[in-house]
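# Observations on the three-dimensional arrangement
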Amino acid sequence: MMEWGLTGRYEHAIDAKGRVFVPAKLRDKLGECFVAAAVMDHCVCLYSQEEWNNLVAGFANVPMTKARRLQRYLASNAADVQVDAQGRILLPRHLLEYAGLEKAALVIGAGNRAEIWNPADYEADMGEMTAEEAEAEFAALGF
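These notes cover the structure that comes with them. Small disclaimer: the values here were computed from a predicted structure and weren't measured. (Residues numbered from 1 in each chain as written. Predicted model: local features only at pLDDT ≥ 70, side-chain atom pairs only at ≥ 80, totals over all residues. Heavy atoms only, no water.)

## A closer look at the pattern of salt bridges
This model, assessed by the stated rule, comprises five salt bridges. Arginine 88 serves as the salt-bridge partner of aspartate 15, at 3.6 Å between the closest nitrogen and oxygen. Linking aspartate 15 in the loop between strand S1 (9-13) and strand S2 (19-21) with arginine 88 in strand S6 (residues 88-90), this pair joins segments that are 73 residues apart in sequence. The exposure class of aspartate 15 is partly exposed, given its relative accessible area of 24%. A cluster of three or more residues bridged by salt bridges with shared partners is formed by Asp15, Arg19, Asp84 and Arg88. (Salt bridge = Lys/Arg side-chain N within 4 Å of Asp/Glu carboxyl O. Helix = DSSP H or I, 4+ residues; strand = E, 2+ residues; numbered from the N terminus. Buried < 20%, exposed > 50% of the residue type's maximum accessible area, 1.4 Å probe, protein only.)

Here it is as structure tokens:
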């Protein structure tokens, strides 16, 4: 069962070294060392070690011939990150580029993970969703 402990929406600056602040509310669930990865939607996904291990464990039942390209992609586009004394993580340059992160970051809780978005990209993706559309998607999923 997926834990939905990561919630909220926070805007922060990215400094010249590529560091971004991760709010304490999210760090409490992610831990002091966690995984930052390019997984989907051109944002940086943040996983606790436990959630990352759960994601990677999903490959155990998939034939290597089918999973190897995705395994390579995930492993080469992931990095262990550690929170510094100011609550920031240093994102590798390739993850900053993947997500189009330059000066501003939108850090959101996304259920079992957190995500770091370019604010304009997030608004372009999610800003169009109306309350009515959200209700229709809930209904379509059987909620």
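## Overview of the pairing of strand S5 (residues 78-82)
By the alternation rule, side chains of S5 split into Ala79 and Val81, which are all buried, and Ala78, Asp80 and Gln82, of which none is buried. Strand direction decides the pairing type here: strand S3 (residues 33-38) and S5, joined by five bridges, are antiparallel. Its bridge partner lying in S5, alanine 37 is registered against alanine 78. (Pairing = 2+ DSSP bridges.)

## Some words on the environment of histidine 42
In this structure, histidine 42 sits in the loop between S3 and strand S4 (44-47). For histidine 42, a relative accessible area of 48% corresponds to the partly exposed category. For the pair histidine 42 and aspartate 15, spaced 27 residues apart in the sequence, the C-alpha separation amounts to 20 Å. Residues contacting histidine 42, with those up to four places away along its chain left out, are Tyr98 and Ala99. (Contact = heavy atoms within 4.5 Å.)

## So, the pairing of strand S7 (residues 104-109)
Here S7 lies mainly inside the structure; five of its six residues are buried. Pairing of S1 with S7 involves five bridges; the strand directions are antiparallel. Pairing of glutamate 11 across the sheet is with leucine 106, part of S7. Bridge count between S7 and strand S8 (residues 114-117): four bridges; the pairing is antiparallel. Pairing of valine 107 across the sheet is with isoleucine 116, part of S8. Connecting S7 to the next strand, S8, in antiparallel fashion are four residues, including glycine 111 with a positive phi near 85 degrees.

## Looking at the sheet that holds S4
Hydrogen bonds along the backbone pair up the strands of a sheet, which may run parallel or antiparallel. The antiparallel open sheet is built from six strands, whose spatial order is S1-S7-S8-S4-S3-S5. In the strand order of this sheet, the two ends are held by S1 and S5, each with one partner. For this sheet, the mean angle separating the axes of adjacent strands, direction not counted, is 25 degrees. In this structure, S4 lies alongside S8, joined through three bridges in antiparallel fashion. Within the sheet, the bridge partner assigned to leucine 46 lies in S8 and is alanine 114. Taken strand by strand, helix H5 (residues 119-126) contacts S1, S7 and S8, and its axis lies near 50 degrees from that of S7. (Axes fitted to C-alpha atoms, helices over the stretch in contact; angles between N-to-C directions.)

## Some details on the nonpolar core
One recurring pattern in soluble globular proteins is that nonpolar side chains are buried together. Among the nonpolar cores identified, the biggest contains 24 residues, and Val44, Leu46, Ile89, Leu91, Leu101 and Ile116 are the most heavily contacted of them. Of all the elements in the fold, those that place two or more residues in this core are helix H1 (24-30), S3, S4, helix H4 (93-99), S7 and S8. For this core, the element with the most residues is H4, which contributes four residues. Each residue touching isoleucine 116, except ones within four places of it in the same chain, is listed here: Val20, Cys43, Val44, Leu46, Ile89, Leu91, Ala99, Leu101, Ala105, Leu106 and Val107. (Core = buried A, V, L, I, M, F, W, Y, C linked by side-chain atoms within 4.5 Å.)

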